[in-house]
Amino acid sequence: MNWKNPLSWKVSVFFLFLLAGGLWVVWEGKGPQGEFPRGLFLAVSLAFLAVGLVALGRNLIQPLDDMIGVVEKYAEGLFNWRVRLGTRNDAIGQLGNQLDRMAQALGEKFDRLTKTLAESEALLGGMEEGVLILDLNGKIKKINGAMEVILAHAFPSDAGKHYLEVFRDPELNELIQSTLADKKGQRGSLSPLGQPGKTFQVQSSLVQYPGNGGEGVIVVFHDITDLKRLERVRQDFVANVSHELRTPLTAIKGFVEALQDGGLQNPSQAGQFLQVIERHVERMDKIVSDLLLLSEIESPDRSLKKEPLFFPGLISSAVDALHPLAEGKKQSLLVKINGELPSIPGDSQKIHQILVNLLHNAISYTPEGGSIILEAGAAPEGAEISVSDDGIGIPPEDVPRIFERFYRVDKARSRDQGGTGLGLSIVRHIVEAHGGHVRVESKPGKGSRFTFFLPG
């Protein structure tokens, strides 16, 4: 018997009173033949009561004690405990069976809720989007890991605080306030104070919990910085292409009109006009060819015709192609091959294009009488080739951008040289398509050195 159980005490006290009453009756009672043997009656009564107490304890008090102990385990969340009453079919047995069924149902629901909660926590924790959950009073209920990064001053320990105590971003606070006031979702883009240069698409929505009918607010941050950057790149690209094509088209149109207005009557003048038109047509053709090449390189299904590269032949071919241009500016064009180059797989035509672009770039931005050196040699796990010049160099602020399409350090000088502004961008894309990388070192007035690495 569990003496810590109040029910056990009550039953025990009841039987003590019953025993005391029986003893009093025995002590005062008399039989029909005279005085009853009180000692014998007292012994029989005590034996009867002891047997009754034991039987009652086994049939009523002990099962109730067991059920109370099992229910206490249920309160601790241990739903695998069961009431052990054997094949008992009375009310006590039915109560035990009902408790067992209730425990099984509660255990199954508890397991499902635990699994759902774990999945929700894993989902929130694994999301790249920042998630913030508030109640309708503006108090924080949940902040996932991504939101902690986005809002650097927010922590999980902030749960229970009002959002105005935690967030210092006026735009975010205004969006939350509007959602709470209007009881409808809001959408906007903002740049948190702790994330300079970052742009987020923020969506707030009302959420209703099905059980108790309560409501809350969920705010989701989606990083659209790259999308914004790509949109700017697209806009710049369209503007640059339009500008690059408009210039030769305007010149061609002007000279065609001059020819129509009488220029054809003067053969020498007509010849000069046609030469100018031809030069601008070639420039447009070069721009379109470079754009098509870039499109081919950037295509997801691009295919490089990889084969073992023969660097001496590629270098010789590129130098021969650019040698007349260097001679015209009285420049020296030197080649240095340091030792035996490793066997590198690659697209010979594309690598030749890299060498031509780098040499042409060096010749264009090196004054007359300057020198250009093409150097090649083995490198750890691959090969490196560099093109150096002692030309005008590149200002430090322009170095990070020189591989962008149409970017020019000196726009007027570049157009005079006939460049398209796509040569270095093509170099970078071809090198990266081969799994390599390209870098530049430059000092204004001292010259530049472009180096690209190809893995073996």
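Before reading on, note that the structure itself is shown above.
Read on for an overview of the structure. (Residues numbered from 1 in each chain as written. Predicted model: local features only at pLDDT ≥ 70, side-chain atom pairs only at ≥ 80, totals over all residues. Heavy atoms only, no water.)

Our next topic: the packing of aromatic side chains. Taken as a whole and assessed by the stated rule, the structure comprises three aromatic pairs. Relative to Phe 273, the ring of Phe 255 lies with its centre 5.2 Å away and its plane at 55 degrees, an arrangement referred to as tilted. Here Phe 255 is found in helix H7 (residues 225-260), whereas its partner Phe 273 is found in helix H8 (residues 267-298), with 18 residues between them in sequence. (Phe/Tyr/Trp six-rings, centres within 6.5 Å; stacked < 30°, edge-to-face > 60°. Helix = DSSP H or I, 4+ residues; strand = E, 2+ residues; numbered from the N terminus.)

A word on the pairing of strand E5 (residues 215-223). Pairing analysis gives six bridges linking strand E1 (residues 130-135) to E5, with the strands arranged antiparallel. Residue pairing across strands places Leu 132 opposite Val 219, the latter belonging to E5. As defined by bridge partners, strand E4 (residues 200-208) adjoins E5 across nine bridges and the pair is classed as antiparallel. Bridge pairing in E5 links Ser 205 to Ile 218. (Pairing = 2+ DSSP bridges.)

Take the packing of H8 against helix H12 (residues 423-433) next. Taken N-terminus to C-terminus, the directions of H8 and H12 make an angle of 25 degrees; their axes are 10 Å apart at the nearest point. Between H8 and H12, the interaxial angle falls into the category roughly parallel. As H8 runs across H12, the sense of the crossing is left-handed. Of the residues in H12, those touching H8 at Asp 290, Leu 293, Leu 294, Ile 297 and Glu 298 are Ser 425, Ile 426, His 429, Ile 430 and Ala 433. When the residues that make up the contact of H8 with H12 are grouped by side-chain class, the tally is six nonpolar, two polar and two charged. (Axes fitted to C-alpha atoms, helices over the stretch in contact; angles between N-to-C directions. Parallel < 35°, antiparallel > 145°, perpendicular 65-115°, else oblique. Left-handed = near helix turned anticlockwise from the far one by under 90°. Contact = heavy atoms within 4.5 Å. Nonpolar A, V, L, I, M, F, W, Y, C, P; charged D, E, K, R; others polar.)

Right, let's get into the sheet that holds E4. Across a sheet, strands are paired by hydrogen bonds formed along the backbone, either parallel or antiparallel in direction. Strand order in this open sheet of five strands is E2-E1-E5-E4-E3, and the pairing throughout is antiparallel. Two strands close off the open sheet at either side, each with one partner strand: strand E2 (140-143) and strand E3 (186-190). The sheet shows a mean angle of 20 degrees between the axes of neighbouring strands, taken without regard to direction. Each of E1, E3, E4 and E5 touches helix H6 (residues 170-182); the most contacted strand, E3, lies at about 180 degrees to it.

Let us now look at the pairing of E3. Walk down a regular strand and you will see the side chains alternate between the two sheet faces. Only one face of E3 is covered, namely the one carrying Gln 186, Gly 188 and Leu 190; the face carrying Arg 187 and Ser 189 has none of its residues buried. Sheet topology note: the E3/E4 ladder contains five bridges and is antiparallel. Looking at E4, one finds that Gln 186 is bridged to Ser 204. (Buried < 20%, exposed > 50% of the residue type's maximum accessible area, 1.4 Å probe, protein only.)

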